[in-house]
Amino acid sequence: MDVKNLYKLYEQHPCITTDSRDCPAGSIFLALKGDTFNGNQFALQALEKGCAYAIVDEDVDAHDDRLIRVDDCLQTFKDLAREHRRRFSIPVIGITGTNGKTTTKELVRAVLAEKFNVLATEGNFNNDVGVPKTLFRLNSEHEIAIVEMGASHPGDIKTLAETAEPTCGLITNVGRAHLQGFGSFEGVVKTKTELYDFLRTRKDGLIFLDADNEYLVDQIEDDDSLWITPYSTDPEKQYQCISGEVIECSPFLKFRWREPLATLEEEGRSTKWHKVQTHLIGAYNIDNLLAAIAVGINFGVDRKKICHALETYQPTNNRSQLVETPHNRLIVDAYNANPSSMMAALENFQQVKAERKMVILGDMRELGEASAEEHQKIADFLGLMNLDEVWLVGQQFGQTDCPYRRFDDVEQVKQAIAQSQPQGYTILVKGSNGMKLFQLPQLL
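What counts as what
Residues numbered from 1 in each chain as written. Predicted model: local features only at pLDDT ≥ 70, side-chain atom pairs only at ≥ 80, totals over all residues. Heavy atoms only, no water. Helix = DSSP H or I, 4+ residues; strand = E, 2+ residues; numbered from the N terminus. Rg over C-alpha atoms; globule rule 2.2 N^0.38 Å. Contact = heavy atoms within 4.5 Å. Patch = residues over 30% accessible without salt bridge, like charges linked within 9 Å, V, L, I, M, F, W, Y side chains within 5 Å. Areas by Shrake-Rupley, 256 points an atom, 1.4 Å probe, with all protein chains shown as cover. Salt bridge = Lys/Arg side-chain N within 4 Å of Asp/Glu carboxyl O. Lys, Arg positive; Asp, Glu negative; His and termini not counted. Charge placed at Lys NZ, Arg CZ, Asp CG, Glu CD. Buried < 20%, exposed > 50% of the residue type's maximum accessible area, 1.4 Å probe, protein only. Pairing = 2+ DSSP bridges. Axes fitted to C-alpha atoms, helices over the stretch in contact; angles between N-to-C directions. Phe/Tyr/Trp six-rings, centres within 6.5 Å; stacked < 30°, edge-to-face > 60°. pLDDT = per-residue confidence, 0-100.

1. Considerations on the overall build of the protein chain
Right, so step 1: Helix and strand counts for the protein chain come out as 17 helices and 19 strands.
Right, so step 2: Against the compact-globule benchmark of 22 Å for 444 residues, the protein chain has a radius of gyration of 24 Å, which places it among compact chains.
Right, so step 3: Along the first, second and third principal axes, the C-alpha set of the protein chain runs to 70 × 65 × 40 Å.
Right, so step 4: Here the analysis covers contacts within the protein chain between residues at least 6 apart in sequence; of these, 64% occur between residues at least 24 apart.

Written out as C-alpha cells, the structure is:
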C-alpha cells in the first residue's frame, strides 16, 4: 500500500501508536524496531488491544486483513508524517545546532506564543522517530510550528528536513560533539548545514543566521537562494543585524537588544535599546535569545511582548538552572556536554561571584578518537580557574593528567557527598546526560 492510500486510512483512524502498551481503540499500530525491541512481535497483541490496523515490515504468523505489510516501518512513519505535514500551509521552523537547540526552541516558542497558536517539539523528541511524532500533533488550530532536529551521523538533518519540510531554518552553532559519529568537525558542519541545503530547494527559504559564527556565514556567503535574517553581538554589525549586548550575569543574564540600525533609520523609529532581565544562567545564552528575537521580529510579534516572553521564560530539564538548596547554590547543566558547551559553562562560571566555588564535571560522550585530547583540554583549563573543589566523574576524566579528585561514576560521587557534606559552595554540575549527574542536586 503506497503512502497516499495509507494516509487515507490514517484519516479514518487518526491516531498512530508505536507502543503496544498504549493502543487506543481504533488506532493504527506501527511496528518500529530498535536495538533491543522489535515491534513486529507485538503487532497481533496491538490488534487484540483495540488497534484497527497494524503496519509491519516482517512476516507475522497470522492471516489477518488488519495487518498491512510495508518495506520499512520507520520510513513509512516518516513518509506518513510528511504527508500529514503537507496538509498545513503554515510556517515550519526547523532548529538544529550543536549546543542550545532545545533552549533556543523553547525561547522561540515563548516569543511566538505571544501572538500565535504554536506547535513545538516536546522535550527532546528531535530524531527520526520524535520528529514524525511531533508532526502528527499538527492540527487545524496551529498557526506555526517549531521542529527541533538532532543529529549524530552524516545525513541525519537531511532526512529530518525532508520529513518536516521546514519553511525556515535556524542553526544555533556548530561545535565538536558526536565526533565519533560525524568523524570530524567538518562532518559536523556539513551535517548541520544540510538544513540550509534543504531550504535552498524552496523559493522562499528563510534562515535566521548567527552572523558572528564564521562557519555558518561561510556556508551562505554570496548565496542569493536564501532569505536571511541576521543577528549579532558584534558592534560593527549592528547596522544590518539584530544586535545584542550583555549587561551583566549575576548570575542571571541581563542584556539589551535592538533591531538593525538600517531598519530603524529607514522607518524613522527610535534607535533605543530594549533591556531584558532573564532567568537564564550564562552569557553564552545571548545568542539563543537573539535568535528568538530574530524569529519574533520576522513574524511580527510586538517588541514589548518579545521582551515579556524572554523575561518570563524559566529554564527546565537541568539546562543552566539555578538551584538554591539549604546548603549550597547550584548551577545545574547536567543534560548534555561536549567540548564547546563545557568550555562555555566554565568560562561563565569563572565570572560568577562567589566566596567558595566547586565544580563537578562528568565525561563528555561520543567524542571518538578526540576524547582524550578534549578531556585533557578541560582539565588544563580548570587549572587556570580559581576553584576551591574540583570533582571529575567518569573514565575519560579519570585518564587525564591533573591533580583533582576522581570518581568512576555518579554512585561514588553520592557516597562522597554523604561523607563530606559540602556546604557554603556555589557549585557547577555539568556532564553528558549518560553520566547521570542530574541525580546530584537533591543531595547537595
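2. Let's talk about a negative patch on the surface
Right, so step 1: A cluster of acidic side chains, namely Glu-214, Asp-218, Glu-221, Asp-222 and Asp-224, defines a negative patch on the protein surface.
Right, so step 2: As for its placement among the helices and strands, Glu-221 is situated in the loop between helix H10 (214-220) and strand E10 (227-232).
Right, so step 3: With a relative accessible area of 51%, Glu-221 lands in the exposed category.

3. Structural notes on the sheet that holds E10
Right, so step 1: Taken in spatial order, the 9 strands line up as E6-E7-E5-E8-E9-E10-E11-E12-E13 in an open sheet, and their pairing is mixed. In the strand order of this sheet, the two ends are held by strand E6 (118-120) and strand E13 (274-281), each with one partner. When the angles between neighbouring strand axes are averaged without regard to direction, this sheet yields 20°.
Right, so step 2: Inspection of the sheet shows strand E12 (residues 252-258) paired to E13 by 5 bridges, in the antiparallel sense. Bridge assignment links Phe-255 to a residue of E13, and that residue is Val-276.
Right, so step 3: This element, helix H4 (residues 101-112), spans strand E5 (92-96), E6, strand E7 (144-148), strand E8 (168-171) and E13 of the sheet and lies at about 170° to E7.

4. Some thoughts on the environment of Ile-378
Right, so step 1: Counting through the fold element by element, Ile-378 comes out in helix H15 (residues 371-382).
Right, so step 2: Classification of Ile-378 as buried rests on a relative accessible area of 1%.
Right, so step 3: It is 26 Å that separates the C-alpha atoms of Ile-378 and Leu-289, two residues lying 89 residues apart in sequence.
Right, so step 4: With near-sequence residues (within four places) excluded, Ile-378 lies in contact with Pro-339, Met-342, Met-343, Leu-346, Leu-361, Met-364 and Phe-397.

5. Examining the packing of aromatic side chains
Right, so step 1: Applying the stated criterion across every chain, the model contains 5 aromatic pairs.
Right, so step 2: Here the aromatic rings of Tyr-10 and Phe-136 are separated by 5.1 Å at their centres, their planes lie at 55°, and the arrangement is tilted. Pair noted here: Tyr-10 is in helix H1 (residues 3-12) and Phe-136 is in the loop between helix H5 (130-135) and E7, with a separation of 126 residues, a long-range link. Here Tyr-10 matches Phe-136 in class, with each residue buried.

6. A short note on the sheet that holds strand E2 (residues 28-30)
Right, so step 1: The strand order across the open sheet formed by 4 strands is E1-E2-E3-E4, and the pairing between neighbours is parallel. Across the chains shown, the open sheet's two edge strands, defined by having one partner strand only, are strand E1 (16-17) and strand E4 (67-69).
Right, so step 2: Two strands pair when backbone bridges link them, and E2 and strand E3 (residues 53-56) are joined in this way by 3 bridges, in the parallel orientation. Paired with Ile-28 across the two strands is Tyr-53, which belongs to E3.

7. Side note on the confidence of the model for the protein chain
Right, so step 1: Looking at the protein chain, pLDDT values average 91 and 97% of them are 70 or higher.
Right, so step 2: Of all helices and strands in the protein chain, the one with the weakest mean pLDDT is helix H7 (residues 179-182) (63), whereas E6 scores best (98).

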